[in-house]
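Chain and residue survey
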Amino acid sequence: GAARRRQPRRAHAIVAGADALTNDALRLYRALMRASEQLAVYNFREYARRRVREEFREHRGVRDAARRRELLATGAEQLELIRRQAIMQQMYGADKLIVEDAAALRATLAPDSGDAPDESADRAAAPT
């Protein structure tokens, strides 16, 4: 018979039947990740994304409703902080790092196009 394929579980979907605090946590996680993407400075952006993932991973087992509300309030404060920082970075701008510019990175890592002196000429001219 035909095997029935399981649909992959989507982490970003709101869990049906889950309590309101879990749904609030999922919404907050997505909002924090979206806000982090708005940070113009690469290091800030990656740090914020990493910290969001770490904090949610660290506290995913918390079952106490009061503690969960406290964590959600702290997360909401952090969300506002990230949003303010993103606005400030957009106002004052910053040059992109080479790791952010894929075309520049490929050009940097590409084999040399012949602009550098030939190494064989250097070896021929070197004293023995």
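Structure: see above.
Quick look at the structure, then. (Residues numbered from 1 in each chain as written. Predicted model: local features only at pLDDT ≥ 70, side-chain atom pairs only at ≥ 80, totals over all residues. Heavy atoms only, no water.)

Some points on the pattern of salt bridges
Quick note on the threshold: Between Lys or Arg on one side and Asp or Glu on the other, a salt bridge is scored when a side-chain nitrogen of the former is within 4 Å of a carboxyl oxygen of the latter. Helix and strand assignments come from DSSP, with helices taken as H or I runs of at least 4 residues and strands as E runs of at least 2, each series counted from the N terminus.
According to the stated counting rule, one finds 9 salt bridges in the structure shown. Residue Arg27 pairs with Asp24 through a salt bridge whose shortest N-O separation is 2.8 Å. Taken together, the residues span about one helical turn, with Arg27 and Asp24 both in helix H1 (residues 20-37) at a distance of 3 residues. Of the charged contacts, one joins Glu80 and Arg83 as a salt bridge, the two residues approaching to 3.2 Å between their closest N and O atoms.

Description of the layout of surface pockets
Let me state the cut-off plainly: Two kinds of site are reported from a 1 Å grid over the protein atoms alone, namely cavities, where a 1.4 Å probe fits but cannot get out, and pockets, open sets with protein on both sides within 12 Å along at least five of seven lines, and residues are called lining when an atom falls within 4 Å of a point. Grid points are joined across faces, edges and corners, and a volume is the space filled by probe spheres set on the points. Here the nonpolar group is Ala, Val, Leu, Ile, Met, Phe, Trp, Tyr, Cys and Pro; Asp, Glu, Lys and Arg are the charged ones; every other residue, Gly included, is treated as polar.
The volume enclosed by the largest pocket comes to roughly 1,100 Å³. Every element with two or more residues in the lining of the largest pocket is listed here: H1, helix H2 (42-58) and helix H3 (65-92). Grouping the constituent residues of the lining of the largest pocket by class yields 17 nonpolar, 6 polar and 7 charged.

Considerations on the packing of H1 against H3
Worth spelling out the cut-off: Every axis corresponds to a line fitted to the C-alpha atoms, with the helix fit spanning only the stretch in contact, and the corresponding angles, defined between N-to-C directions, vary from 0 to 180 degrees. Here the word oblique covers every angle except those under 35 degrees (roughly parallel), over 145 (roughly antiparallel) and from 65 to 115 (roughly perpendicular). Left-handed is the label given to a crossing in which the near helix is rotated counterclockwise from the far helix by less than a right angle, and right-handed is the label when the rotation is clockwise. Any two residues whose heavy atoms approach within 4.5 Å are treated as being in contact.
One way to put it is that H1 packs onto H3 with a least axis distance of 10 Å and a crossing angle of 20°. In terms of axis orientation, H1 runs roughly parallel to H3. Of the two elements, H1 crosses H3, and the hand of that crossing is left-handed. Residues Leu21, Thr22, Asp24, Ala25, Leu28, Ala31, Leu32, Ala35 and Ser36 of H1 lie in contact with H3, whose contacting residues are Ala65, Arg68, Arg69, Leu72, Gly75, Ala76, Gln78, Leu79, Ile82 and Arg83. For the contact of H1 with H3, the per-class residue count stands at 11 nonpolar, 4 polar and 4 charged.

Looking at the nonpolar core
As a reminder, the rule being used: The criterion is simple. A nonpolar core is a set of buried Ala, Val, Leu, Ile, Met, Phe, Trp, Tyr and Cys residues joined through side-chain atoms within 4.5 Å. Partly exposed residues are those whose accessible area sits between 20% and 50% of the maximum for their type, while under 20% is buried and over 50% is exposed, using a 1.4 Å probe and protein chains only.
Counting 13 residues, the largest nonpolar core has Leu28, Leu32, Leu39, Leu79 and Ile82 as the members making the most contacts within it. Elements with a contribution of two residues or more to this core: H1, H2 and H3. Here the element with the most residues in this core is H1; it accounts for 6 residues. Sequence-distant contacts of Ile82, that is, excluding residues within four places in its chain, are made with Leu32, Ala35, Ser36, Leu39 and Ala48.

Points about H2
What counts here: Expected span of a helix, by definition, is 1.5 Å for each gap between consecutive residues, and there is one gap fewer than residues.
When the terminal C-alpha atoms of H2 are compared, their 24 Å separation across 17 residues agrees well with the 24 Å that a helix rising 1.5 Å per residue should span. The elements touched by buried residues of H2 are H1 and H3.

So, the environment of Leu72
Looking at the secondary structure, you find Leu72 in helix H3. We classify Leu72 as buried; its relative accessible area is 17%. Leu72 sits 43 residues away from Tyr29 along the chain, and the two C-alpha atoms are 9.7 Å apart. Those residues in contact with Leu72 that sit more than four places away from it in its chain are Leu21, Asp24, Ala25 and Leu28.

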